[in-house]
Amino acid sequence: MGNSQVRKKKQTAMTSPVVIAATARHTATLIFFHGLGDTGHGWASSLGSLRAPHVKVICPTAPTMPVTLNAGFRMPSWFDLRSLDASGPEDEEGIRRAAETVHSMIAQEVAAGIPTERIVLGGFSQGGALALFSALTFPQPLAGVVALSTWLPLHQKFPAEAVGNKNIPVLQCHGDCDPIVPYKWGQATATLLKQFMTNTEFKTYRGVMHASCDEELRDIKDFIEKLLKP
């Protein structure tokens, strides 16, 4: 069996994303990536309710693959997660491949007439990690990044790997009782980003675990409204 056949068995292709079309003339896009084991449907309705009429929302579903951290069980995952230790091994090849997929999604929006400066990337947990990494490895300027309960993958390679988007606004949100992606990871990520980015904000939500809350959703809404004015 050739390599390509083996690889096909390991990972199924992405299903088509959940798209919430703009209800006015489409002039801006939010692409939002879910967390491990979720689908695009998980975030679509709450994001749909907080965006302005001119903003299209795209919530892709990750390909299904075996995840080392979950004993090799197959689930929607943007890349393999190998450890929950900040200095543990990472799936560098998978992270870079996922970022290329994100860059091609941006290209599709550009082809449809939306400039990169009118595109926001966002994500929760593993999806937030993908959004941050994809923005920093993308050469053209984006509108901003929403990074929820997350971290920067391959963090030791930054700032050297940051080819663009060092000056765009980043809203980083984290619950201080998060048992999955520790709050201190969020803090360490915020400290690292501040070293080479000029416009980052880190917001803490008291008593919140690995989840979102109404206050956070309001903050995201305000942030996106500022970035993507009609």
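This is a predicted model, so every value here is computed, not measured.

## Considering the sheet that holds strand E8 (residues 170–175)
Within a sheet, neighbouring strands are paired by backbone hydrogen bonds and run either parallel or antiparallel to one another.
At step 1: Spatially, the seven strands line up as an open sheet ordered E1-E3-E2-E6-E7-E8-E9, and their pairing is mixed. Looking at which strands have only one partner, the edges of the open sheet turn out to be strand E1 (18–20) and strand E9 (200–205). The mean inter-strand angle of the sheet, taken between neighbouring strand axes irrespective of direction, is 15°.
At step 2: Looking at chain direction, strand E2 (residues 28–33) and strand E3 (residues 55–59) are connected through four bridges and run parallel. Following the sheet pairing, Ile31 is matched in E3 by Ile58.
At step 3: Where helix H4 (residues 126–136) meets the sheet, its contacts fall on E2, strand E6 (119–124), strand E7 (144–148) and E8, and the angle it forms with E6 comes to roughly 145°.
At step 4: Along the sheet face, helix H6 (residues 214–227) touches E2, E6, E7, E8 and E9 and points at about 170° away from the line of E7.

## Things to note about the pairing of strand E4 (residues 64–67)
At step 1: The sheet contact formed by E4 and strand E5 (residues 73–76) spans four bridges and is antiparallel. Bridge pairing in E5 places Met65 opposite Met75.
At step 2: Where E4 folds back onto E5 in an antiparallel hairpin, the turn is made up of five residues, including Ala71, whose phi is positive at roughly 55°.

## Digging into the pairing of E9
At step 1: Bridge count for E8 against E9 is six bridges, and the pairing is parallel. Across the sheet, residue Val170 finds its bridge partner in E9, namely Thr200.
At step 2: For the handedness criterion, the β-α-β arrangement of E8, helix H5 (residues 183–196) and E9 is classed as right-handed.

## Describing the packing of helix H2 (residues 41–50) against H6
At step 1: Two elements in contact, H2 and H6, have axes whose closest approach is 9 Å; the angle formed by their N-to-C orientations is 55°. With respect to H6, the element H2 is oriented oblique. Remark: the crossing between H2 and H6 carries right-handed chirality. Residues Trp43, Ser46 and Leu50 of H2 pack against Leu217, Ile220, Lys221 and Ile224 of H6.
At step 2: When grouped by side-chain class, the residues that make up the contact of H2 with H6 number five nonpolar, one polar and one charged.

## Some points on H6
At step 1: Over its 14 residues, H6 runs 20 Å from end to end, which matches the ideal 20 Å to within 8%, given 1.5 Å per residue.
At step 2: Of all the residues in H6, the buried ones are Glu216, Leu217, Asp219, Ile220, Phe223, Ile224 and Leu227. End-on view of H6: buried residues confined to an arc of 160°, all on one side of the axis. Of the residues in H6, the exposed ones pointing more than 90 degrees away from the buried face are Asp214, Arg218 and Lys226.
At step 3: Summarising the contacts, the buried residues of H6 are in contact with E2, H2, E6, E7, E8 and E9.

## Here's the deal with the packing of aromatic side chains
Ring pairs (aromatic) are described by centroid distance and by the angle formed between their planes.
At step 1: Under the defined criterion, the tally for this structure stands at seven aromatic pairs.
At step 2: Members of the aromatic cluster, each reached through a chain of ring pairs, are Phe32, Trp43 and Phe124.

Parameters and conventions
In this numbering scheme, every chain counts its residues from 1 along its sequence in written order. Note on the predicted model: pLDDT of at least 70 is required for a residue's local features to be given, and 80 or more for side-chain atom pairs to be given and counted; whole-chain, interface and lining totals, by contrast, use all residues. For the side-chain quantities, the full set of heavy atoms in the structure was used; hydrogens and water were omitted. Think of it this way: DSSP has to see at least two bridges between two strands before they count as a pair. In this description a helix means any DSSP run of H or I spanning at least four residues, a strand means any run of E spanning at least two, and both kinds are numbered starting from the N terminus. Every axis in this analysis is a line fitted to C-alpha atoms, fitted for helices over the stretch in contact. Angles between the N-to-C directions lie between 0 and 180 degrees. Here a residue-residue contact requires only that any non-hydrogen atoms of the pair lie within 4.5 Å. By convention, orient the strands away from the viewer: a clockwise path from the first strand over the helix to the second makes the crossover right-handed. An angle below 35 degrees is read as roughly parallel, one above 145 as roughly antiparallel, one from 65 to 115 as roughly perpendicular, and any other as oblique. By the definition used in this description, the sense in which the near helix is turned from the far one sets the handedness, with an anticlockwise turn below a right angle giving left-handed and a clockwise turn giving right-handed. Three classes are used, and their members are as follows: Ala, Val, Leu, Ile, Met, Phe, Trp, Tyr, Cys and Pro are nonpolar, Asp, Glu, Lys and Arg are charged, and the others, Gly among them, are polar. For a helix, the expected span equals 1.5 Å multiplied by the residue count minus one. Residue burial is assigned from relative accessible area. The probe radius is 1.4 Å, only protein chains are included, and a residue is buried under 20% of its type maximum, exposed over 50%, and partly exposed in between. Our arc is simply the arc of the directions from the helix axis toward the C-beta atoms. What counts as a ring pair is set by centres within 6.5 Å for rings of Phe, Tyr and Trp (its six-membered ring), and what kind of pair is set by the plane angle: stacked under 30 degrees, edge-to-face over 60, tilted for all other angles.

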